[in-house]
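Each chain is listed here by its residues.
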Amino acid sequence: IPDNHPSFLGHFPNAPILPGVVILDKAINLLSRALAQPYASFVIKNAKFFRPLLPASEVVFSFQFNQNNQVNISLHEGEYLVLKCLVALPVEHQLS
């Protein structure tokens, strides 16, 4: 996440962190591109944030399909878990 991302300016002055909604948006965007599916076709079932992201943070995105035609997303900063999220797949991409 570049340290000049606009959300750092107001969230929070003198102690910037990346808002959770921005983190979640980036994760769904990555999933959308990885699966070549429209962004709006995913349904977020749940999301849990484990640590804040500071300016210039580098994160690793990963996802795994589960047996319920859903995707488990995780974001890590180094060894630390930042986000776990469960997303429902669009019908046309569900496993049979």
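In what follows, the accompanying structure is described. (Residues numbered from 1 in each chain as written. Predicted model: local features only at pLDDT ≥ 70, side-chain atom pairs only at ≥ 80, totals over all residues. Heavy atoms only, no water.)

## Describing the overall build of the protein chain
Put simply, the test is: Only runs of H or I of at least four residues qualify as helices and only runs of E of at least two qualify as strands under DSSP, and these elements are numbered from the N terminus. Exposure categories follow from relative accessible area, calculated using a 1.4 Å probe and restricted to protein chains: below 20% of the type maximum is buried, above 50% is exposed, and the middle band is partly exposed. What makes two residues a contact is simply this: any of their non-hydrogen atoms within 4.5 Å. Each accessible area is a Shrake-Rupley result for a 1.4 Å probe, and residues are judged covered by the shown protein chains and nothing else. His is not counted, nor are the chain ends, whereas Lys and Arg count as positive and Asp and Glu as negative. Lysine's charge is taken at NZ, arginine's at CZ, aspartate's at CG and glutamate's at CD.
Within the protein chain, the regular secondary structure consists of two helices and four strands. Ordered by position from the N terminus, the helices and strands of the protein chain form the series α-α-β-β-β-β. Projected onto its principal axes, the C-alpha positions of the protein chain cover 50 × 25 × 20 Å. The burial tally for the protein chain puts 33% of its 96 residues in the buried class. For the protein chain, long-range pairs separated by at least 24 residues make up 53% of all intrachain contacts whose partners lie at least 6 apart in sequence. Approximately 6,000 Å² of the protein chain is accessible, and the part contributed by carbon and sulfur atoms is 56%. Computed over 6 positive and 6 negative side-chain charges, the separation of the two mean positions in the protein chain equals 9 Å.

## Looking at the pairing of strand β2 (residues 60-65)
If a strand is regular, its side chains alternate between the two faces of the sheet. In plain terms, the rule: Two strands are said to pair when DSSP picks up at least two bridges between them.
In terms of strand pairing, β2 meets strand β3 (residues 70-77) through six bridges, oriented antiparallel. Bridge pairing links Gln64 to Asn72 in β3. Connecting β2 to the next strand, β3, in antiparallel fashion are four residues, including Asn69 with a positive phi near 55°.

## So, the side chain of Ser74
Here Ser74 shows up in strand β3. Once you skip the residues sitting within four places of it in the chain, Ser74 turns out to touch Val60, Phe61, Ser62, Leu81 and Leu83.

## Focus: the environment of Leu24
Looking at the secondary structure, you find Leu24 in helix α2 (residues 20-35). Classification of Leu24 as buried rests on a relative accessible area of 15%. In this structure the C-alpha to C-alpha distance between Leu24 and Ile44, which are 20 residues apart in sequence, comes to 9.4 Å. With near-sequence residues (within four places) excluded, Leu24 lies in contact with Ile44, Ala47, Phe49, Leu83 and Cys85.

## Points about α2
The test is simple: To estimate how far a helix should extend, the number of its residues minus one is multiplied by 1.5 Å.
When the terminal C-alpha atoms of α2 are compared, their 23 Å separation across 16 residues agrees well with the 22 Å that a helix rising 1.5 Å per residue should span. For α2, the secondary structure elements touched by its buried residues are α1 (7-10), β1 (43-49), β2, β3 and β4 (80-88). Where α2 ends, the next residue or the one after it, Ala36, has phi of about 55°, a positive value.

## Digging into unusual backbone geometry
Even without being glycine, Ala36 reaches a positive phi, approximately 55°. For Ala36, the location among the structural elements is in the loop between α2 and β1. Phi is positive for Asn69, which is not a glycine, with a value near 55°. Its place among the elements puts Asn69 in the loop between β2 and β3.

## Focus: the sheet that holds β2
Put simply, the test is: Axes, fitted as lines to C-alpha atoms, cover a helix only where it is in contact. Angles between the N-to-C directions of the axes lie from 0 to 180 degrees.
Strand order in the open sheet formed by four strands is β1-β4-β3-β2, with antiparallel pairing between adjacent strands. Across the chains shown, the open sheet's two edge strands, defined by having one partner strand only, are β1 and β2. Each strand axis lies, on average, 20° off the axis of its neighbour in the sheet, ignoring direction. One ladder, built from six bridges, connects β1 with β4; its direction is antiparallel. Bridging across to β4, Ile44 finds its partner in Val87.

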